[in-house]
Amino acid sequence: MSAPTILEIALPTPLRRRFDYLPPAGLAPDALQPGTRVQVPFGRQQLVGLLLRVKSESSLPLDKLRAAETVLDRDALLPPELLNLCLWAADYYQCPVGEALHTALPVLLRQGEVAREQGEPYWHLTTEGKGLPEGALKRAPRQAELLAALQSRGQLNRTDFAMLGIARSQVKALEDKGLAACREQTLTPPPATAILRETPLTLSEEQQAALARIPAEGFQACLLDGATGSGKTEIYLQAIARTLEQGRQALVLVPEIGLTPQTLARFQSRFAQPVVALHSGMNDRERLDAWLQARDGRARIIIGTRSAIFTPLAQPGIIIVDEEHDSSFKQQDGFRYSARDLAAMRANRLKIPLILGSATPALESLHNARTGRYQYLRLSRRAGAAQAPTIHLNDIRRQTLEEGLAPDTLSAIGETLRSGNQVLVFLNRRGYAPTLECHDCGWLAECGHCDARMTLHQAPRHLHCHHCDHQRAVPKICPSCRSSHLQPLGQGTERSEEALRSRFPETRILRVDRDSTRRKHAFRDLLTEVHSGEPCILVGTQMLAKGHHFPDVTLVVILDADAGLFSTDFRGPERMGQLLLQVAGRAGRADKPGQVILQSHHTDHPLVRTLMERGYHAFAELILSERRLTQLPPFRHLALVRAESKRPENAVAFLQQVRHLAEQHHPANHELGYLGPLPAMMEKRGDRFRYQLQLNAAGRKPLQALLARLAPELENHALAKRTRWSIDVDPQDMS
Ligand code: ADP
Ligand code: ZN
Ligand code: ZN
């Protein structure tokens, strides 16, 4: 009797194991390639899983195995390289393999959809449209604009519309008039000859030296460290051109907020080869199409956010991670992977170069550069004519503030506006005020479900907990002493907007935060207004800090520089420094020199002083030396086991058990240490009590070995059922 054929399958279940099935009846064995999707019965449902391997033995008796229903793909859905990366990542981040693969695949493929491109609608002019005389549609300028775009480009798709700021209604109007029509078109392989659409810039000496040190092939991680405007993107573009010339593809990762139409446009206008984007604003079909185009090699440059690291590539040639320090590269729930770190792993396995670019590199990356693991490329000057902004520290102690703004700051704003320029006021707190306070008894509006205060919002007026989303009406009298002297406490963007509006009644004030940009296209419309160049004041949160260039902003005001200094998260100061410099980098591009005013109550704080007087690198050195003393990353490796439950004792008991088990496997010593269980920074959130156990290790190996033994034990532990728990390897957010 020949050996049985058994399929080992990853299924999207929270269970940390692989599942064995028999092949579907009547299937030729050569149809069973690892990496194909298989539909299988699971309990009473049908699940779509991924075939990991075909084997001849199972730990279960054969008559207990069920047969798979159907094999959904003729060929492997993923190249082996990517499948193996996912398996490695599932192990490393302690995520059930089915869940990890599930996260890595486009939604439609998880649901069993055929892996075939549907084709994208393109609009073109009809014969009638082409025959229009010059100056037609004069009375409908928006339609004329679209007509002109179609005339010059031949055809346009939805991405083009988004980039050109063309609305659906404009397109519809031309269609209704019979001037434009739509046809579906799949991306065709590009002609291999034309790589560039425009001539690249002549690199500065510094840029040239940096590019020369990025190898054209073979693995090498390079940290490209240069201020905003120093010409990093130009280096990416030229490195990509080299890759395309070799007939290979480029994968570019950017933070969620950095994938702007401007970024895309810059790549598309440089290259004559297909550029596709992958981001959360696309629908499932668009995402699948882009994924397939990348896999089949028709898309040559793929620009995407975090999960794009799992894009299959037919001819991978280079990976670039822009703003590599950005915390959005780490997924905070479920499959808690770091796209930046996986990029390094993937490039290494593919033997291709990796560029990590940032104006404010993560301390981990600087450390890797210093210890020689990364090639360190530094751009010290701004490219083109632009000068670095000058930074003034404004000590606001004992100054009379007008709604958070010091007198000097206000006069600088006034001057900037008078000279016809724009101002950016940065405040990383949305809403009207961080909370509401009773002037008579000191009562504060606290959230009943969290250890947190409720934010006061004015438009519409309500109290809102930003942690659990609980909302309620604003009380008219104090619930504690019945006084009616309730007042907002502190500053939020709505309040700053109001204050600036009454102080500068003639000036346009544009607020940019999550509330003001909720409506579709609201952000885009705001940006269009800023780019008109008219004097205005932009007030906003970190949405303003990344990805956007505001060429006419010559003054940046940072209202509350101190927030991160005293954070209990050890990364607080690092994040603060990065954010401040990112915001400061918005000013003074092109020919207009910029200035930055930083208001602080702690101008003597060594970190603030160092950052302002000696810059990010000295600041980073200072934090790194503290981290070395306190034995925190990058000098030690961390993992957190988190647990939360409605009854605090359940979560604590579970974590105590985790620690007990861990110590049995590996008693605490220099190699591996344990801290906790301790309450999370916000102990109660959404009615759940949250605790964490920290594991810290001198190296990744012992930590990985311990976690690999612990995770399956925890999964089966009786106490685990009474709490929600998770493991976070290399946690970025310690809260
Ligand atoms: P970064 O990505 O570091 O912010 P960019 O590559 O966007 O910097 O460059 C900033 C500006 O300087 C852009 O407008 C870019 O076109 C211009 N620039 C970059 N490199 C050069 C160069 N070698 N010569 C002239 N202008 C350049
Ligand atoms: Zn009161
Ligand atoms: Zn709450």
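Each value, and the rule that gives it
Residues numbered from 1 in each chain as written. Chains lettered and ligands numbered in written order. Predicted model: local features only at pLDDT ≥ 70, side-chain atom pairs only at ≥ 80, totals over all residues. Heavy atoms only, no water. Buried < 20%, exposed > 50% of the residue type's maximum accessible area, 1.4 Å probe, protein only. Helix = DSSP H or I, 4+ residues; strand = E, 2+ residues; numbered from the N terminus. Arc of directions from axis to C-beta. Contact = heavy atoms within 4.5 Å. Donors = N, O, S within 2.8 Å, 3.2 Å for Na, K, Ca; no water. Axes fitted to C-alpha atoms, helices over the stretch in contact; angles between N-to-C directions. Parallel < 35°, antiparallel > 145°, perpendicular 65-115°, else oblique. Left-handed = near helix turned anticlockwise from the far one by under 90°. Nonpolar A, V, L, I, M, F, W, Y, C, P; charged D, E, K, R; others polar. Polar contact = N/O pair within 3.5 Å; in protein donor to acceptor, adjacent residues only side chain to side chain. Near = heavy atom within 4 Å. Areas by Shrake-Rupley, 256 points an atom, 1.4 Å probe, with all protein chains shown as cover. Pairing = 2+ DSSP bridges. Tetrahedral: all angles 85-135°; square planar, octahedral: opposite > 155°, others 65-115°. Salt bridge = Lys/Arg side-chain N within 4 Å of Asp/Glu carboxyl O. Core = buried A, V, L, I, M, F, W, Y, C linked by side-chain atoms within 4.5 Å. Domains from an automatic or database assignment.

Caption draft 1: Helix α8 (residues 205–213), seen in detail. Buried residues of α8: E206, Q207, A210 and L211, and no others. For α8, the angular spread of buried residues about the axis comes to 130°, placing them on one side. Pointing more than 90 degrees away from the buried face of α8 are the exposed residues E205 and A212. Turning to α8, the residues buried within the fold contact β9 (220–226), α9 (232–245) and β15 (375–379).

Caption draft 2: Layout of the coordination of the zinc ion (ligand 2). Distances from the zinc ion (ligand 2) to its protein donors, C438 (SG), C441 (SG), C478 (SG) and C481 (SG), fall at 2.2 to 2.4 Å. On the primary sequence, the residues serving as donors to the zinc ion (ligand 2) are separated as C-x2-C-x36-C-x2-C. Residue C441 is found in the loop between β18 (435–438) and β19 (455–458), and its partner C478 is found in the loop between β21 (471–472) and β22 (486–489); the two are separated by 37 residues along the sequence. On the accessibility criterion, C441 (37% relative accessible area) is partly exposed.

Caption draft 3: Structural context of the packing of helix α1 (residues 80–92) against helix α12 (residues 339–350). The interhelical angle for the contact between α1 and α12, taken along N-to-C directions, is 140°, at an axis separation of 11 Å. If you check the angle between α1 and α12, you find them oblique. Between α1 and α12 lies a crossing whose hand is right-handed. Together, E81, L82, N84, L85, W88 and A89 of α1 and L342, M345, R346, R349 and L350 of α12 make up the contact between the two elements. When its residues are assigned to classes, the contact of α1 with α12 shows 7 nonpolar, 1 polar and 3 charged.

Caption draft 4: Focus on the environment of H462. Looking at the secondary structure, you find H462 in strand β20 (residues 461–464). Residue classification places H462 among the buried residues on the basis of a relative accessible area of 13%. As for H462 and A561, which are separated by 99 residues in sequence, their C-alpha atoms are 27 Å apart. If near-sequence neighbours (up to four positions away) are discounted, H462 is found in contact with T455, L456, H457, Q471, R472 and V474. A polar atom in the side chain of H462 sits 2.8 Å from the backbone oxygen of P460. One polar contact links H462 to H464, side chain to side chain, over a distance of 3.1 Å.

Caption draft 5: Spotlight on the site of ligand 1. The environment of ligand 1 is made up of 17 residues, and the closest members are T202, Q207, G229, T233 and R266. One of the side-chain N or O atoms of T233 is found 2.5 Å from an oxygen atom in ligand 1. Within the contact set of ligand 1, an oxygen atom lies 2.7 Å away from a side-chain nitrogen or oxygen of R266. Considering ligand 1 on its own, with 560 Å² of exposed area, one finds that the protein chains cover 76% of that surface. A per-class count over the shell around ligand 1 returns 4 nonpolar, 9 polar and 4 charged.

Caption draft 6: The arrangement of the sheet that holds β20 in detail. Strand order in the open sheet made by the 3 strands is β19-β20-β21, with antiparallel pairing throughout. Only two strands of the sheet have a single partner each, and these edge strands are β19 and β21. Inspection of the sheet shows β19 paired to β20 by 4 bridges, in the antiparallel sense. Across the sheet, the residue bridging to H457 is H462, located in β20.

Caption draft 7: Layout of the sheet that holds strand β8 (residues 180–185). Ordered by their spatial adjacency, 3 strands build an open sheet running β7-β6-β8, and the pairing between neighbours is antiparallel. The open sheet has two edge strands, β7 (155–156) and β8, and neither has a second partner. Pairing between strand β6 (residues 120–125) and β8: 6 bridges, direction antiparallel. When the bridges of β8 are listed, E120 appears paired with Q185.

Caption draft 8: View of the coordination of the zinc ion (ligand 3). In the first shell of the zinc ion (ligand 3), the protein supplies C447 (SG), C450 (SG), C465 (SG) and C468 (SG), at 2.2 to 2.3 Å from the metal. Around the zinc ion (ligand 3) sit 4 donor atoms; with metal-centred angles ranging over 104 to 115°, the donor geometry is tetrahedral. In terms of primary sequence, the donors binding the zinc ion (ligand 3) are separated according to C-x2-C-x14-C-x2-C. A residue pair is termed long-range when its members are at least 10 positions apart, and C447 in the loop between β18 and β19 and C468 in the loop between β20 and β21 qualify at 21 residues. Under the relative-accessibility criterion, C447 is labelled buried at 5%.

Caption draft 9: Local environment of the pattern of salt bridges. Evaluated as defined, the whole model comprises 49 salt bridges. In this structure, the salt-bridge partner of E145 is R142, at a minimum N-O distance of 3.9 Å. Taken together, the residues span about one helical turn, with E145 and R142 both in helix α5 (residues 141–153) at a distance of 3 residues. Residue E145 is classed as partly exposed on the basis of its relative accessible area, which comes to 35%. A residue is classified by how much of its surface remains accessible, and R142, at 44% relative accessible area, is partly exposed. Residues joined by salt bridges that share partners form a network here, namely E8, R18, D20, R53 and K55.

Caption draft 10: Layout of the nonpolar core. Membership of the largest hydrophobic core comes to 119 residues, with the highest contact counts inside it found for L101, I309, F310, L354, L424, L538 and I558. The element contributing the most residues to this core is α1, with 8 residues.

Caption draft 11: Structural view of unusual backbone geometry. In this model, P633 is joined to P634 through a cis peptide bond whose omega is 5°. Among the secondary structure elements, P634 is positioned in the loop between α19 (616–630) and β27 (637–645). Even without being glycine, E403 reaches a positive phi, approximately 50°. Turning to its location among the elements, E403 is positioned in the loop between β16 (390–395) and α14 (407–418). In this structure, D687 is a non-glycine residue whose phi angle is positive, near 70°.

Caption draft 12: Quick peek at the domain arrangement of the protein chain. Here the protein chain is partitioned into domain 1 (6–110), domain 2 (120–185), domain 3 (205–379), domain 4 (390–431 + 491–627), domain 5 (434–489) and domain 6 (637–729). The C-alpha-based centres of domain 1 and domain 2 are spaced at 46 Å.

Caption draft 13: The arrangement of helix α7 (residues 168–176) in detail. When we look at burial in α7, the residues that qualify are Q170, V171, A173 and L174. Summarising the axial view, the buried residues of α7 lie within an arc of 160°, below the 170-degree limit, and thus occupy one face. Counted as exposed and oriented over 90 degrees from the buried face of α7: S169 and D176. The elements touched by buried residues of α7 are β6, α5, α6 (158–164) and β8. In the stretch just after α7, G178 is the one whose phi turns positive, near 75°.

Caption draft 14: Molecular detail of the environment of S169. Structurally, the position occupied by S169 is in helix α7. C-alpha separation for the pair S169 and R142, spaced 27 residues apart in sequence, amounts to 9.6 Å.

Caption draft 15: Spotlight on the environment of N368. Mapped onto the fold, N368 is located in helix α13 (residues 363–370). As a C-alpha pair, N368 and L146 span 222 residues in sequence and 49 Å in three-dimensional space. If near-sequence neighbours (up to four positions away) are discounted, N368 is found in contact with R373 and Y374.

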